[in-house]
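# Architecture and fold: a report
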Amino acid sequence: MTTSGRVALRTQALTKVFRGFRAVDAVDLEVREGGVHALVGPNGAGKTTLFNLLTGFVSPTSGTITVFGEDVTGKRPEQVARRGVARSFQITSLFENLTSREQVELALQGRTGQGFRFWRTEKLLGRHRARVDELLAEVGLMPLADKPAGLLAYGQKRALELALVLALDPRVMLLDEPTAGMGIEDVDRTIELVRRIAAGRTVVFVDHNMHVVGSLADRVTVLQQGKVLVEGPYAEVRGDERVITAYLGEADHA
Amino acid sequence: MNAVLQYAVQGLAAGSFYALAALGLAVIFGVLGVVNFAHGAFYMLGAVATAVLLDTLGLTLWWSLLVVPALMFVFGVVVERLLVRWLLRLDPLYNFLLTFGLTLVLVELVKQKYGVSGLPYQPPAILQGRVDLAGVVLPRYQLFVFLFSVTICVLVWLLMTRTRIGMIVRASTEKPELARALGINVGRWVTPVFGFGVALAGLAGVLAAPFRAITADMGNNFVIILFAVVVIGGLGSIVGAVAAGFLVGLVEAFGQAYAPTFAQILIFVLMALIILVRPAGLFGREEAAT
Amino acid sequence: MTQSVMPETSVTEAHAAIAGGGSRPRWILLTAGLVAALALPWLVYPPVAMDIVAMALFAIALDILLGYTGLLSFGHAAFWGGSAYVTGLIATHYGVPFPVAVVGGAIFAMVLALPVAYLSVRRSGIYFAMVTLAFGQMVYFVGYQWSDLTGGENGLQGVPRHFFGIELVETESFYFYYAALPILLLGMWAAWRIVHSPFGRVLVAIRDNTPRARALGYDVEKYKVIAFVLSAGLTGLAGGVFAISHGFVALTELEWTTSGEVVLITLLGGIGTLWGGILGAFLVVLLADYLASSSLGGIDLITGTVFILVVLLFRRGIWGTVRHQWLTWSQRRTSSRRTPVDADPAGHG
Amino acid sequence: GGGPGSSGGDFTGGKLVLAVLNDQTGVYKDASGPNSVKAVKMAVADYKKKYGGAAVVDDIEVTSADHQNKPDVANTKAQELYERKGADVILDVPTSSAALAVATQAKNHHKVFIDVSAATTELTGAHCNKYTFQWAYDTYMLANGTGTTVTKDGDKNWQLIYPDYAFGQDMTASFTKAIKAAGGTVQGSIATPFPNDNFTTFLTKAGSTDPDVIGTMQAGGDLDNLVKQYNQSGLKEKGVHLAVGLMVINDIHALGVDQVAGTTFTDPWYWNFDQQSRAWADRFRQETGIRPSFEQAGNYSAALQYLEAVQSAKTDKADAVVHQLEGKKINDVFLRNGEVRAQDHLVVHDAYLARVKKPSQVKEPWDYEDIVTTIPAAKAFPPAGQFACSM
Amino acid sequence: MLEVTDLKAWYGEAQALHGVTVSVEKGEVVTLVGRNGAGKTTLVRCLIGLHRQVSGAVSFLGRDVTGVPAHRRARAGMGWVQDDRGIYASLSVEENLLLPPRVSDRAWTLEQVYEAFPELAVRRKAPGTTLSGGEQQMLAIARVLRTGARLLLMDEPSEGLAPVVVARIGAIIAEIKATGVGVLLIEQNVKFAATVADRHYLLSQGRIATALDNSEFRRREGELLEHLGI
Ligand SMILES: Nc1ncnc2c1ncn2[C@@H]1O[C@H](COP(=O)(O)OP(=O)(O)OP(=O)(O)O)[C@@H](O)[C@H]1O
Ligand SMILES: Nc1ncnc2c1ncn2[C@@H]1O[C@H](COP(=O)(O)OP(=O)(O)OP(=O)(O)O)[C@@H](O)[C@H]1O
Ligand SMILES: [Mg+2]
Ligand SMILES: [Mg+2]
């Protein structure tokens, strides 16, 4: 993977306190452009909260966040999204009543400002057709393109989540447990997919599946109790004593 | 200074009605997720029942304070069984609309039965007149209303937060399916809680009988103010409902004293301000995004 | 998570509700509707016919919010009544043809809606309903207090009906109906346009899953505010015509009962159906009119009972039920033609 | 029978239609409502009995509609009654806004409208027209009677509390004038929201200047609220009296006599005033089961006198009937020394200053009032021209 | 202790289970594996009595419980760990634990819970859903242990848990199994399934495709993985 010198995402002393509980505690994180960065750590370490902070869903108690040098601290989710930072959700989050195609159209439209055109017909959305087909094919949902998402199986929904993130053509992608609840085959396919789309983009993801982390990440940050425990290349981190005791345990080194 | 104290007491007395009724609203919302539009109508029924009981059975206020909430509880149970329960699984807006319809029906029925001019009521002599407290002369009845409602509010709060019943009740509301799978007979709890909330509205009505016009329409405006109260306090927050109830009473009293033309608008302005700076209300929980 | 107010409808159906397109039945329906609108004043008393069409647009405007954005406004009387007053004042003081006054009223309604929307959209679901109710009440009190302008309790009396000096329109309700109908039909068309636009699609997305819409870069609040303001504008159009038709404006137009009535109409017609509002208005207005002249009394008793029954037994509303039957029927037809292979719901193809 | 030419008259559709448009369900239901319709039917029966075969019209229909206290409904209904139901006259119409809307319709349709239950002076002032009459009372009469009499009786210092809308403002202006004319002073007048259920603050404020009497212009449920809170405020014990601008007998019934005993107010009519009134009230009770309010008696009177006018005019043509009514002097069960003033169509007649009885004095149900004085017709109502009516 | 015979389930017109027959004995851990959408969750919801569109028979502890409402099944000793955890936002962590009634004297005490899951002890006063995904999973498991259920129905308990915690759960399962509790475990994590279970059912498109004991399961792991992926 090519990592240029530029810093895509940086946090400085980022802290979030929920009623006295420090969920994220003075985290300094630096993700270089083009890198695939994994965030691991025990349950409750603050990974999802960190994602929420990075995408504006939660506002930080203190500290700063910059995206390609621009300060986005305290910006709202849609503002962060429009700066090229897209996220997926740990708990599947789709528009139940729209078809896969419509959802992807919606995602594509988001960047164009067409959304405010209440005097135009929705056929306008047809212009995204080619791109929609491409994206759906990429995640293997083409045959189900016209099925409302509410009727899809779980794995299919996860795939659609990814398609939505991709549709935003983001510079930085934040994927929260992209393979959670997937069968082995789907996991491998997803790894492939993420690897493919990661080209030329910056990816930060959370996953408990070490197989996924190992295959994708070129850098890994281990969080514990809201603090950075270790950071480094995967091979280095997984050998780290502290990581083994705090997170991996003796049983499973998959 | 004296006047200011008087206004304060008057505001707290007015707030007592809001606090008690809003408490009922909050309990029902907290447990059933129902915003009960008929709360004003239940308040009205409480007052009407008080007057009718005095007229027919000679029940004094003291008895009414016990009997009417009990009757309203039963009535609430019937309403829940017959109507509200069928919509609990659905969007809360449906129950909002249902209780809106119910309000129209109840108000109209009372009009047909008891007319529109109102019902007479004679309060007990001991609550008449005034007491002198350190130079401030206060109507006895207002003091009584205030103390009584504060006591009830504290008791309810303890019940909901400190007892197993409160816990079960909260769980049954939030995820009824799961609660059943954990061995809790959910159906058994929802109904009495609704009845309980209705009884609180009825209790506010009893307190209103000696103090306010007992007419079929007495709850119409009341319920709107109640909504403002719960928005200010944070819907679903018991403490919030009570605190905001008293706050709104005070705002109303001082508004009427110093800016009468704007007294009614003032409450809504307060609400707008709260929404601006604290959308979840004074005591409301922030809605977390996952 | 979802704030959808159509939990009864299946996903397929909800999707059908938002899918646009110009199929044949739709054209047949449109033509039938137009014919009905033109014939209405022959069938019912013309001022009542006018009320029906005005209320229909009111309900449709509300449905943009309720059915398509998932926001129940319980304070729309503010825009209906607000526009009625402004329309009435313009007509009284400037002597302009009434369509101009009506447009003025609608613009006012939109201006009024802006701050209300800005504050209300900070809450959703049931909170939104309560907040709008409270704001509606606030507008009511202003209308009530500002009696120099609004006539307070007495209402705004003697609103003229100028229409380019065409006497028949200005005096006869029958001809006035045809003069005012195009305004309301235009409003309905606009509502349809809004719902079936890229904007409408975003509204549905927001209704279904707000955080997700945010993550896709949509400024949710802005969309809700725009939807609210558009809805208020169409409401204003209807309220303005209503004011001119009646020749005066009463404080009741601002009362929360008016907000409640239009919700009933929308609900009866079918939430999220748009056209249901027309049927709902037809029934509710005629029923109220009938009850007012019958010696039955107890309008609220009947309105309230209808409310309860519809909510309990008939949540899809009239139009929604018809559409449901239609979809079930056509689905059964298509699925019987399909090969069973397609029927596996879980199959990854 | 009927039809042009028959029985020498000239009646559209061959019949005469009297329409009662009022509130059948809302706050005015008890005071007027369905029982006003019955009162009008009594008038029709009396008319038929009196003239028998000599009646110019024998097909007389009484129809009614509910305006639900909504002026827009009143407006549409009035149109419909005149246009579709062939109404020759509309009667009653409580709520000022509704009455004003109906007056406009009467003017546009050239049909008669006799208002009984609305109090606004605009009906015979700025909004007066040739076809509209105000039969029973107006705000001037209410305020003037009470203000003058109470002041003269020794309560010179007043505080006024009034609901902040047209009726309350009118009443307050009239009260203030009357009080000053009688040698009293108004220490302050306090506007309150409407509707309102909490008057404690206003009462405290009013009481702070130690007035002799507090005059309230509240009506209906608000009056009920205010009286209860006045009773508990301790002002009564301090010797601050209460005078009421508008009280109808149903209000006393609703509050209970004990709550308002001793309160003075002006009443256009009282059922137990004299033998004539009582006899009619007995008949009314046979029809309805309760005693009549002044509105109901007023409707009877208005309908009866309208029929008399039709009898003289021999037609239902509005202009002819109006011509018969204008300037007519009338004495009936409701109007004593009455006159339909031609200039503004206000019907002036004797009014009464009433005092609410003590519970111990009440001898039978609805026996609530002592009539203290009769205010002669000439003094009870505003002089012609006071409210700028031009027809 | 659990006998399921020819269980069929529908969602509206779509059939999700096509005649499933499974059993769980005392002190036995049985897993249910199968790809997404195979019907595992549906099966468990039928067992606990939440899914009502069913036919077939379920007997528990020798008694027929078909048609018995969910809360009575729970009281009879079925414990359910929901796939989406089902933590109460309106209850604190401790209240979540105190909520369910005790159904046998096997029930864990609060001390035992906190000892096994120190993460929860720290957050005991926090509102339930403010816990992290994994912490919520622990809470859900701990909550069902608090009842002392005789049969645990666990829907993907290891999902989203850190490997150390997964190992801990494994140990707990082994521990309670020793006291005679039966466990029906839904698992995607085949490795984990193999370490804790005695027998396995492979569910595919609403039908039991294969039933295997653990040694065979281990032997055919690779083949199974393939099957699961297809
Ligand atoms: N509420 C529902 N309405 C309609 N179909 C449903 C519903 N829930 C589940 N299904 C369907 O039933 C089938 C079985 O679903 P189930 O949730 O039991 O699968 P699962 O094996 O638990 O999958 P996963 O591993 O993803 O949790 C799937 O095809 C699914 O689409
Ligand atoms: N809205 C909130 N209010 C209070 N506490 C919260 C909130 N959200 C998260 N927390 C707390 O912050 C901590 C970190 O939670 P987070 O969801 O970020 O963990 P995580 O690392 O993603 O864990 P997992 O791997 O289990 O998903 C947890 O202890 C949780 O209880
Ligand atoms: Mg997480
Ligand atoms: Mg599952």
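This text goes with the structure placed above it.
Cut-offs used in this document
- Residue indices begin from 1 for each chain and proceed along its sequence in written order.
- Ligands are numbered from 1 and chains lettered from A, in the order in which they are written.
- With pLDDT at 70 or above as the cut-off, local features in this predicted model cover only qualifying residues; side-chain atom pairs require 80 or more to be listed or tallied, and sums for whole chains, interfaces and linings still use all residues.
- The side-chain values count all of the structure's non-hydrogen atoms but skip hydrogen atoms and water molecules.
- Comment: elements are numbered from the N terminus, with helices defined as DSSP H or I runs of at least four residues and strands as E runs of at least two.
- Each residue's exposure class comes from its accessible area (1.4 Å probe, protein chains only) as a fraction of the maximum for that residue type: buried when under 20%, exposed when over 50%, partly exposed otherwise.
- Charged-residue counts in this description rest on Lys and Arg as positive and Asp and Glu as negative, His and the chain ends being excluded.
- The rule for a salt bridge is simple: a side-chain nitrogen of Lys or Arg has to be within 4 Å of a carboxyl oxygen of Asp or Glu.
- Contacts described as polar in this section are N or O atom pairs within 3.5 Å, which, within protein, must combine one atom able to donate a hydrogen with one able to accept it, while residues neighboring in sequence count only if both atoms come from side chains.
- Any two residues having at least one pair of non-hydrogen atoms within 4.5 Å are treated as being in contact.
- Note that patches include only residues with greater than 30% relative accessible area and no salt bridge, and the join distances are 9 Å for like charges and 5 Å for nonpolar side chains (Val, Leu, Ile, Met, Phe, Trp, Tyr).
- Residue burial considers only the protein chains on display, and all accessible areas are found by Shrake-Rupley using a 1.4 Å probe.
- DSSP-based pairing: two strands are paired if at least 2 bridges between them are found.
- Only the stretch in contact is used when fitting a helix axis, every axis being a line fitted to C-alpha atoms; angles between N-to-C directions are given from 0 to 180 degrees.
- Aromatic rings from Phe, Tyr and Trp, with only the six-membered ring used for Trp, were paired whenever their centres fell within 6.5 Å, and each pair was classed as stacked if the ring planes differed by under 30 degrees, edge-to-face if by over 60, and tilted otherwise.
- Each angle receives one of four descriptions, namely roughly parallel if under 35 degrees, roughly antiparallel if over 145, roughly perpendicular if within 65 to 115, and oblique otherwise.
- Handedness of a crossing follows from how the near helix is turned relative to the far one, being left-handed for an anticlockwise turn of less than a right angle and right-handed for a clockwise one.
- Residues are grouped as follows: Ala, Val, Leu, Ile, Met, Phe, Trp, Tyr, Cys and Pro are nonpolar; Asp, Glu, Lys and Arg are charged; all remaining types, including Gly, are polar.
- Residues belong to one nonpolar core when they are buried, are Ala, Val, Leu, Ile, Met, Phe, Trp, Tyr or Cys, and are joined through side-chain atoms within 4.5 Å.
- The domain boundaries here were taken from an automatic or database domain assignment.
- What a helix should span is 1.5 Å times the count of its residues minus one.
- Only heavy atoms are used to decide nearness, and a residue is near a molecule or strand if one of them lies within 4 Å of it.
- Given a residue, its bend is the angle between the two axes fitted to the seven residues that end at it and to the seven that start from it.

Turning next to the side chain of E187(E). All names here are of chain E. Its location among the elements puts E187 in the loop between β8 (182-186) and α8 (190-196). Despite its burial, E187 remains without a salt bridge, the nearest opposite charge being carried by K40 at 9.3 Å. At 3.0 Å, the side chain of E187 forms a polar contact with the side chain of S158. Apart from the residues lying within four places of it in its own chain, the contact partners of E187 are L32, V33, E156, P157, S158, F192 and A193.

It is worth spelling out a nonpolar patch on the surface at this point. A cluster of nonpolar side chains, contributed by V269(B), L273(B), L276(B), V277(B) and Y118(C), occupies part of the molecular surface with about 470 Å² of accessible area. If you trace the backbone, L273(B) turns up in helix α11 (residues 263-277). Using a relative accessible area of 48% as the deciding quantity, one classes L273(B) as partly exposed.

Residues and elements named next belong to chain E. With mixed pairing, the 6 strands of this open sheet are ordered in space as β6-β7-β8-β3-β9-β10. Since the sheet does not close on itself, it has two edges, and those belong to β6 (78-81) and β10 (207-213), each with one partner. Between one strand axis and the next, the sheet turns through 15° on average, direction left out of account. Inspection of the sheet shows strand β9 (residues 199-204) paired to β10 by 6 bridges, in the antiparallel sense. Opposite S204, over in β10, you have R207 as the bridge partner. Along the sheet, helix α6 (residues 133-147) contacts β6 and β7 (151-155); its crossing angle with β6, the most-contacted strand, is approximately 175°.

Attention now moves to the packing of aromatic side chains. Residue and element names in this part refer to chain B. In this structure the tally under the stated criterion is 49 aromatic pairs over all chains. Taking the centre distance of 5.5 Å and the plane angle of 75° together, the rings of F37 and F227 count as edge-to-face. Residue F37 is found in the loop between α1 (2-32) and α2 (39-57), and its partner F227 is found in helix α9 (residues 218-233); the two are separated by 190 residues along the sequence. In this structure, F37 and F227 share a single accessibility class: buried.

The next point concerns the packing of α1(B) against helix α6 (residues 200-207) of chain D. In the contact formed by α1(B) and α6(D), the axes pass within 9 Å of each other and the chain directions differ by 160°. Judged on the interaxial angle alone, α6(D) and α1(B) are roughly antiparallel. Crossing of α1(B) over α6(D) shows right-handed handedness. Contacts between α1(B) and α6(D) involve Q6(B), Y7(B) and Q10(B) from the former and T200(D), T201(D), T204(D) and K205(D) from the latter. Classifying every residue of the contact of α1(B) with α6(D) gives 1 nonpolar, 5 polar and 1 charged.

On to the arrangement of the chains, then. Of all 8 pairs of chains sharing an interface, the pair with the highest contact count is chains A and C. Separating chain A from chain D is a minimum C-alpha gap of 34 Å, and the two share no contact. A gap remains between chain D and chain E, which never touch, and the nearest two C-alpha atoms on either side lie 36 Å apart.

What follows covers the nonpolar core. Taken as a class, soluble globular proteins show a tendency for nonpolar side chains to be buried jointly. Counting residues in hydrophobic clusters, the biggest one holds 441 residues, and the most contacted among them are F42(B), L18(D) and W135(D). Ranked by residues supplied to this core, first place goes to helix α3 (residues 46-66) of chain C with 17 residues. Formed jointly, this core draws a minimum of three residues from each of two domains, domain 1 (1-84 + 170-254) and domain 2 (98-169) of chain A. Not counting chain neighbours up to four residues away, the residues in contact with L18(D) comprise V40(D), V44(D), I60(D), E61(D), V62(D), T63(D), V89(D), L91(D), A303(D), Y306(D) and L307(D). Judged by nonpolar contacts, the second largest core, of 37 residues, contains V29(E), A116(E), L131(E) and M138(E).

This next bit is on the environment of L193(A). All names here are of chain A. Here L193 is to be found in helix α6 (residues 184-198). Exposure remark for L193: the relative accessible area of 5% places this residue in the buried category. A sequence separation of 40 residues divides L193 from P233, and the C-alpha atoms of the two residues are 21 Å apart. Beyond its immediate stretch of four places on either side in the chain, L193 contacts E138, V139 and L162.

Residues and elements named next belong to chain D. Strands sit in the order β2-β1-β3-β4-β5 across an open sheet of 5 strands; the sheet is parallel. Of all strands in the sheet, those bounded by a partner on one side alone are β2 (60-66) and β5 (132-134). Within the sheet, the average angular offset between the axes of one strand and its neighbour, ignoring direction, is 20°. Two elements, strand β1 (residues 16-22) and strand β3 (residues 89-92), share 4 bridges in a ladder whose sense is parallel. Paired with L18 across the bridge in β3 is V89. With respect to the sheet, helix α11 (residues 294-313) is in contact with β1, β2, β3 and β4 (112-115), its orientation differing from that of β1 by roughly 155°.

It is worth spelling out the environment of A140(E) at this point. Residue and element names in this part refer to chain E. Positionally, A140 belongs in helix α6. Separated by 60 residues in sequence, A140 and W80 have C-alpha atoms that sit 8.8 Å apart. Those residues in contact with A140, other than ones at most four positions away along the chain, are V81, R85 and I87.

Along its 21 residues, helix α10 (residues 238-258) of chain B runs 30 Å from first to last C-alpha, staying within 8% of the 30 Å computed at 1.5 Å per residue. Burial analysis of α10(B) places 15 of its 21 residues in the buried class, the great majority of the element.

Let us now look at the site of ligand 2. With respect to spatial proximity, 20 residues lie near ligand 2, and among them K47(A), T48(A), T49(A), T130(E) and G134(E) are the closest. Ligand 2 is flanked by residues contributed from chains A and E. Interatomic distance of 2.6 Å between a side-chain N/O atom of T49(A) and an oxygen atom of ligand 2. Measuring from an oxygen atom of ligand 2, one finds a side-chain N or O atom of S132(E) at 3.0 Å. Burial of ligand 2 by the protein amounts to 89% of the accessible area it has alone, namely 640 Å². Those elements that provide at least two residues to the shell around ligand 2 are β2 (21-32) and α1 (47-54) of chain A together with α6 of chain E. Partitioned by chemical class, the residues of the shell around ligand 2 number 5 nonpolar, 11 polar and 4 charged.

This part takes up the pairing of β6(E). Residue and element names in this part refer to chain E. A two-sided burial pattern is seen for β6, the buried positions comprising M78 and W80 on one face and G79 and V81 on the other. Looking at chain direction, β6 and β7 are connected through 4 bridges and run parallel. Bridged to G79 within β7 is L152.

Moving on to helix α9 (residues 173-195) of chain C. Given a rise of 1.5 Å per residue, 23 residues ought to cover 33 Å, and the 32 Å separating the end C-alpha atoms of α9(C) matches this to within 8%. The sharpest bend along α9(C) comes to roughly 35°, located at A180(C), with the proline P182(C) sitting one to four residues further on.

Once that is clear, we can look at the pattern of salt bridges. Evaluation of the coordinates by the stated rule reveals 43 salt bridges over all chains. One salt bridge in this structure joins K227(A) and D25(A), with 3.1 Å as the shortest N-O distance. Placement of the pair is K227(A) in strand β10 (residues 227-232) and D25(A) in strand β2, with a sequence separation of 202 residues. What makes K227(A) partly exposed here is its relative accessible area of 46%. According to the relative accessible area criterion, D25(A) is buried, its value standing at 12%. Across the pair R124(E) and E94(E) runs a salt bridge, and its minimum N-O distance is 3.0 Å. Taken together, the residues span a long stretch of sequence, with R124(E) in the loop between α5 (118-122) and α6 and E94(E) in helix α3 (residues 93-98) at a distance of 30 residues. Judged by relative accessible area, R124(E) falls into the partly exposed class, the value being 32%.

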